[in-house]
Every structure is written in structure tokens, then in C-alpha cells.
Amino acid sequence: MPQISLTVNQKPATAVVESRTLLVEFLRTSLGLTGTNIGCDTSQCGACVVSIDGKSVKSCTMLAVQADGAHVTTIEGLIGADGALHPMQAMFREHHALQCGFCTPGMIMSAIDLVETHPEGLTEDQIRHGLEGNICRCTGYHNIVRAVAAAWPLMHKQPINQAAE
Amino acid sequence: MYDFQYQKPTTIEAAVAALAAEGDAKALAGGMTFIPVLKQRLNQPSTIIDLTDLGLSGIALEAGKISIGAMTTHGAIAGSADVKKSFPALAYLAGNIGDRQVRYRGTIGGSLANNDPSACYPSAVLATGATIVTSQRRLSADDFFQGMFTTALDPAELITAVEFPVPERAAYAKFANPASRYAMVGVFVAKMPGGVRVAITGAGQNGVFRHRAMEAALDKAFAPAALDGIETPVDLMNADIHGSAAYRAHLVGVMAKRALESALA
């Protein structure tokens, strides 16, 4: 069986895995990082999104061996050393952007990638389009979109869409 | 998922040799279709050959031609300044495949080798008459696609690049399935130096096909009105829970006009 070495939430992890082990299974079962959820079997729901080398990826649609050598960040890795929430987490709480919370870890990982890759600003349309890989069955998305828009200025330290104007 | 051996070769020659060594070895590109297929136990390869380290990713713009490495992701194509400038219809197509996470990993070569009848890229490749470059030869788009999930590729042959001739005008219009984002009907219209080509994906029983009646009409007049009254044979259309054959035949006409409007915009 292949051995993999990767960095998860800034800590080294080495393990022997079956070739068929999905990254999400490795994170949840081998590392105990159960914040990353499995919501579907069809790569559609986005509950399993994690960051791999800075890009949001569905960890249910990637083999653990494919993450060999990668830097992985899960929802557990967002919290600051002082215990402070990431601005995206804080805004999800502030704007009541979750109800049952099952989609939230993946939604937050996708939203952070979306905000980081749009330093020029984000419109509501772009936020909705950018989150189409994440399904939420509770909120109707309005508060999620508000939370992402509210996190943008905190992450870029300037008012949203000022850069675009 | 059934278990398998995993290999990650670093040269095309080694990858081809590994595929040839075992009859039921399979190549893994971005895995956005293949891994879900494995999860559902619809395929049981003995060995998976990961193509990530073959150095097949990249976009090169030459005179009148864009060459795209097989392992280039949809996201990289959608975001490429060269593609956006010289062939915006392709950037648009790539930017609307699946979702952000799929576009980070899914590749053009993987999509073409799979030849899903609802995939977007086959329409762009066929409409522009692109060339599929493989580990052993060059294939024209007209020869490459051979029906649903079927291509001219040999079992141990890998796509290495796709060469698109840059069209004078082009556009893609997709009616996406709201859940999967796959094309229920996708129409790619390209005005090439040698004439207009129209390729339809998502709709046909045998995968992507050229709509010759539309091509002939648009060669006379490159305008939406030229498509008035042009029929799409219902008996060639796919029918499933998402739409009947008659519905798809109708959508082909509607989406072709939208593609044309956007090519002229």
C-alpha cells in the first residue's frame, strides 16, 4: 500500500493508505478531522470541500494518494492560534448563515477561496455563481451570500467593490 | 470502491508502457468523472496510472492556433489571458463546466478521452476542427469522436494536447441540467476560414455531432434568421428523465440561435 506524507493544518502527517482511500476518508478516519463532511456520493454537494495548496477541492473526489506532498487545510485549520475565528467563520455566525450546519465547513472553505481569488471585489451574482458547487438545504442561501460579502472587507482590509470602481 | 494499484509515472513513455502492460489499467487525469465512476463500482481497473506528473499542462498561443496540454484544467483555460483574448468562446465554455472545485481539477484531455455525450469540450473541438495530439499520432476532430463514450484512442494511447485553430467568430450556448451542470443541449458555432461548423453536444444519441443543415444555412448567411425552419431530426436525439427527444430537438434550434447571437455580439 502506498505511503503518503502531507501537511494538514500546518502539521506533518504520514500514513500508509490503500490506493482507493478517498482524501475525505483519510482526513476523517485516519486523522480524526471530522469537521469535513460527506453529504453525497456524486461530487455535487460540496460538504467535503477542503483547501489543497490554496485551491478549494472536493475531498470526496480525490484519492488520498493524490494529496501526497500537498498542503491541506480543513475547517479545523482556520482558527487562529489565539482561538479567534477566521473572518469568514465570524461572518457566518454574525449573519446567521447556517441552520443545521452540515454544509457549513465546505461552504466556508469554498467561500474563502472565492474571496481570496477576487481581490478586485465580488458582486452578489459572482458570490452566488462562485458557490454553485456547495449545496445548502436549510438557509435558502441569502444569509450565506451576505456573510461572504461581509467577510470580503475583513479579508482584504478595504471596502468591498471599491477596488473594482 | 474496489482496490487497485496506483502508479504515478513521470514520462509519457512510462505511462503508455504501464497502460500497455495491463489490459485493464486505466489513466487518471483530473478524476472528476472517473473517481465518481470508481466510487459507484462501475469500473474495476487493476491499476490506475495518474497522469499528473507528465508535464502535460499549459497553454501556448501561436499564429492562428492555440495549443492546450491535455492535463490543463478547465479553470486554467477559463482564466487564461491568451484564451480569453483570442478564443473567448472556449474560455466561456471552460468557465461554465461543473463548479469551481471541478474546474480546479478537471482537465480538457480527461474530458475528451471520456467523450461523455453531455460534456462541453467535444463541441468546441468538433466545431473548430481541432487536432487531438496523442502519444502516437495526430487525429482530426472528425475522426476522433466515434459515439457515446467512444473515441479513436487505442487502449494504451494518451492524449497529450489539443490544437485549436482560432475561429474568426465563435460562441457556445449551453442549456445546463440544473443539478449536474452537464449540457442538456450545448451548441458550439464556429466561423472558420473554410466555412461555418456547428457541433451539438448533450442532445444526440451518439454523442457530439455536426449539424450539417445548419452549417449549410449559415455558410449562406451567418445570422440567427438563417436557422429559421431548419429541423433537427427527433429520432437522432437522446431521451431521458431530463427531457424527451422532441424537447431536445427543439432546444437545439433555440440554443443554436443564442450561440449565433452571442457570436455576433
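Rules of the game
- Here the residue numbering is sequential within each chain, running from 1 through the sequence in written order.
- Here the convention is simple: chains get letters from A, ligands get numbers from 1, in the order in which they are written.
- Confidence filtering applies because this is a predicted model: local features only for residues at pLDDT of at least 70, side-chain atom pairs given and counted only at 80 or more, and all residues used for totals across whole chains, interfaces and linings.
- Residue ranges labeled as domains rest on an automatic or database domain assignment.
- As used throughout, a nonpolar core is a set of buried Ala, Val, Leu, Ile, Met, Phe, Trp, Tyr and Cys residues joined through C-beta atoms within 7 Å of each other.
- For every residue, the other C-beta atoms within 10 Å of its own C-beta are counted; 20 or more classify it as buried, 12 or fewer as exposed, and values in between as partly exposed. C-beta atoms are placed from the backbone.
- Think of it this way: build a C-beta for each residue from its backbone, and any pair within 7 Å is a contact.
- Only the stretch in contact is used when fitting a helix axis, every axis being a line fitted to C-alpha atoms; angles between N-to-C directions are given from 0 to 180 degrees.
- For the purposes of this entry, the term helix denotes a DSSP run of H or I that reaches at least four residues, the term strand denotes a run of E that reaches at least two, and both are numbered from the N terminus.
- Crossing handedness: left-handed means the near helix sits turned counterclockwise from the far one by under a right angle, and right-handed means the same turn made clockwise.
- Classes in brief: Ala, Val, Leu, Ile, Met, Phe, Trp, Tyr, Cys and Pro nonpolar; Asp, Glu, Lys and Arg charged; the others, Gly included, polar.

### A closer look at the domain arrangement of chain B
Many structure descriptions define interface size as the accessible area lost when the parts assemble.
Then comes step 1: On domain assignment, one finds that chain B holds domain 1 (1-53) and domain 2 (169-264).
Then comes step 2: Inter-centroid distance (C-alpha atoms) of domain 1 of chain B to domain 2 of chain B is 34 Å.

### Describing the nonpolar core
Then comes step 1: Residues A:A111, A:V148, B:L90, B:V187, B:V189, B:A256 and B:A259 are the most contacted members of the largest nonpolar core, which totals 137 residues.
Then comes step 2: When sequence neighbours within four positions are dropped, the list of residues in contact with A:V148 reads A:A111, A:L114, A:V115 and A:I127.

### Comments concerning the packing of helix α2 (residues 87-94) of chain A against helix α5 (residues 142-156) of chain A
Residues and elements named next belong to chain A.
Then comes step 1: Contact geometry for α2 and α5: axes closest at 8 Å, N-to-C directions at 145 degrees. For the crossing formed where α2 meets α5, the hand is right-handed. Counting all contacts with α2, which are made through P87, M88, M91, F92 and E94, the residues of α5 involved are A147, A150, A151, L154 and M155.
Then comes step 2: Counted by class, the contact of α2 with α5 contains nine nonpolar, no polar and one charged residues.

### Here's the deal with the domain arrangement of chain A
Residue and element names in this part refer to chain A.
Then comes step 1: Domain boundaries assigned for chain A yield domain 1 (3-77) and domain 2 (87-156).
Then comes step 2: Tallying the contact residues gives 15 residues for domain 1 and 12 residues for domain 2.
Then comes step 3: Among the elements of the structure, β3 (49-52) and β4 (55-58) are those that each provide at least two residues to the side of domain 1 that touches domain 2.
Then comes step 4: Here the side of domain 1 that touches domain 2 takes three residues from β3, the largest share from any one element.
Then comes step 5: Grouping the amino acids of the side of domain 1 that touches domain 2 by side-chain chemistry returns six nonpolar, eight polar and one charged.

### Concerning the interface of chain A and chain B
Then comes step 1: With 22 residues of chain A in contact, the opposing surface of chain B contributes 20 residues.
Then comes step 2: Of all the elements, β4(A) adds the most residues to the side of chain A that touches chain B, at four residues.
Then comes step 3: Per-class residue counts for the side of chain A that touches chain B are five nonpolar, 11 polar and six charged.

### Examining helix α8 (residues 121-128) of chain B
Residues and elements named next belong to chain B.
Then comes step 1: Burial analysis of α8 places eight of its eight residues in the buried class, the great majority of the element.
Then comes step 2: Residues of α8 that are buried include every one of Y121, P122, S123, A124, V125, L126, A127 and T128, and no others.
Then comes step 3: A positive backbone phi angle near 65 degrees is found at G129, which sits one or two residues after α8.

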